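Understanding the architecture of this molecule
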Amino acid sequence: MKKLTIIVIVLIAIILLTTVFKVDVTEQVVVLQFGKPVRTIQNPGLHWKLPTPIQNAVFFDKRLLEYDVQPAEVLSTDKKTLTVDNYVRWRIVDPLLFLQTLQAIPTAITRLDDIVYSEIRRELGLHNMADIITDNREKIMDAVTKASYNSTVPYGIEVVDV
């Protein structure tokens, strides 16, 4: 009788541990059922799902993320070579779309690197070196931020600042 009670308690504990999960204030979750998205959770607290073999919870960061881009050389309109060092501040705004298109943060960083670097090259290629290093620098970076934002919307990412 005692063995049966212990087995029942252990089974109930295992079921509870695989069905209840906590979403932190800094997280958002996509619940997958057999690999297909079922629901997205962006509110913190305790949430329920079916046991692990049936449903999985994939967690994504909700906070503002930062990626420091490696310095790169860019040519200006007057054919001057500039070494540009920049960073990207971004966040995941649509975790389902992010999961479907990029799946993970390292993939997102690679995609961000490509998008931001191409936008910087394009924008800096339209200006002379004197314009870039004087008062127009802020306008140029705003244009890069807006173009990068527009390019990353299809991935569920919002670029906040470049």
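Located above this text is the structure these notes cover.
1. A few points about the overall build of the protein
Within the protein, the regular secondary structure consists of five helices and 10 strands. Relative to the globule expectation of 15 Å for 162 residues, the C-alpha radius of gyration of the protein, 23 Å, shows a markedly less compact shape. Along the longest, intermediate and shortest principal axes, the C-alpha atoms of the protein span 85 × 25 × 20 Å. Counting only residues that meet the buried cut, the protein has 31% of its 162 residues in that class. Across the protein, every contact between residues at least 6 apart in sequence was considered, and the portion connecting residues at least 24 apart equals 61%.

2. Observations concerning the pattern of salt bridges
Where charged atoms from two side chains of opposite charge approach closely, those side chains can pair. For the structure on display, the rule yields four salt bridges. Ionic pairing is found between Arg 63 and Asp 61, a salt bridge with its closest N-O pair at 3.0 Å. Residue classification places Arg 63 among the partly exposed residues on the basis of a relative accessible area of 46%. Ionic pairing is found between Glu 158 and Arg 91, a salt bridge with its closest N-O pair at 2.9 Å.

3. A closer look at the side chain of His 47
With respect to the helices and strands, His 47 occurs in strand E4 (residues 45-48). With sequence-adjacent residues up to four places away left out, His 47 is seen in contact with Thr 19, Val 20, Phe 21, Val 23 and Ile 41.

4. Considerations on the nonpolar core
In this structure, Val 88, Trp 90, Phe 98, Ile 120, Leu 124 and Ile 157 are the most contacted members of the largest nonpolar core, which totals 28 residues. For this core, the secondary structure elements donating two or more residues are strand E2 (27-33), strand E6 (65-68), strand E8 (81-84), strand E9 (87-92), helix H2 (95-101), helix H3 (105-124), helix H5 (137-152) and strand E10 (157-161). Sort the elements by how many residues they give to this core and H3 lands first, with six residues. Excluding residues that lie within four positions of it along the chain, Phe 98 makes contacts with Phe 60, Trp 90, Ile 92, Gln 103, Ala 104, Ile 105, Ala 108, Tyr 155, Gly 156 and Ile 157. In this structure, Phe 21, Val 23, Val 29 and Ile 41 belong to the second largest nonpolar core, which totals five residues.

5. Some points on the packing of aromatic side chains
Evaluation of the coordinates by the stated rule reveals two aromatic pairs. Ring centres of Phe 21 and Phe 59 lie 6.1 Å apart, and the angle between their planes is 90 degrees; this geometry places the pair in the edge-to-face category. With a gap of 38 residues between them, Phe 21 in strand E1 (residues 20-23) and Phe 59 in strand E5 (residues 55-61) connect regions that are remote in the sequence. Residue classification places Phe 59 among the partly exposed positions, given a relative accessible area of 37%. Where Phe 60 meets Phe 98, the ring centres are 5.2 Å apart and the plane angle is 80 degrees; that geometry is what we call edge-to-face. Pair noted here: Phe 60 is in strand E5 and Phe 98 is in helix H2, with a separation of 38 residues, a long-range link. There is no split in this pair, since Phe 60 and Phe 98 are both buried.

6. Considering the environment of Pro 154
Within the element layout of this structure, Pro 154 appears in the loop between H5 and E10. Separated by 53 residues in the primary sequence, Pro 154 and Thr 101 place their C-alpha atoms 8.2 Å from one another. Among all residues touching Pro 154, those that are not within four sequence positions of it are Leu 97 and Thr 101.

7. Brief notes about unusual backbone geometry
The phi torsion at Lys 79 lies on the positive side, around 60 degrees, for a residue other than glycine. Counting through the fold element by element, Lys 79 comes out in the loop between strand E7 (72-75) and E8. In this structure Lys 79 comes out as exposed when scored by relative accessible area, which is 65%. Even without a glycine there, the phi angle at Gln 103 is positive, about 75 degrees. Assignment of secondary structure puts Gln 103 in the loop between H2 and H3.

What counts and how
- Residues numbered from 1 in each chain as written.
- Predicted model: local features only at pLDDT ≥ 70, side-chain atom pairs only at ≥ 80, totals over all residues.
- Heavy atoms only, no water.
- Helix = DSSP H or I, 4+ residues; strand = E, 2+ residues; numbered from the N terminus.
- Rg over C-alpha atoms; globule rule 2.2 N^0.38 Å.
- Buried < 20%, exposed > 50% of the residue type's maximum accessible area, 1.4 Å probe, protein only.
- Contact = heavy atoms within 4.5 Å.
- Salt bridge = Lys/Arg side-chain N within 4 Å of Asp/Glu carboxyl O.
- Core = buried A, V, L, I, M, F, W, Y, C linked by side-chain atoms within 4.5 Å.
- Phe/Tyr/Trp six-rings, centres within 6.5 Å; stacked < 30°, edge-to-face > 60°.

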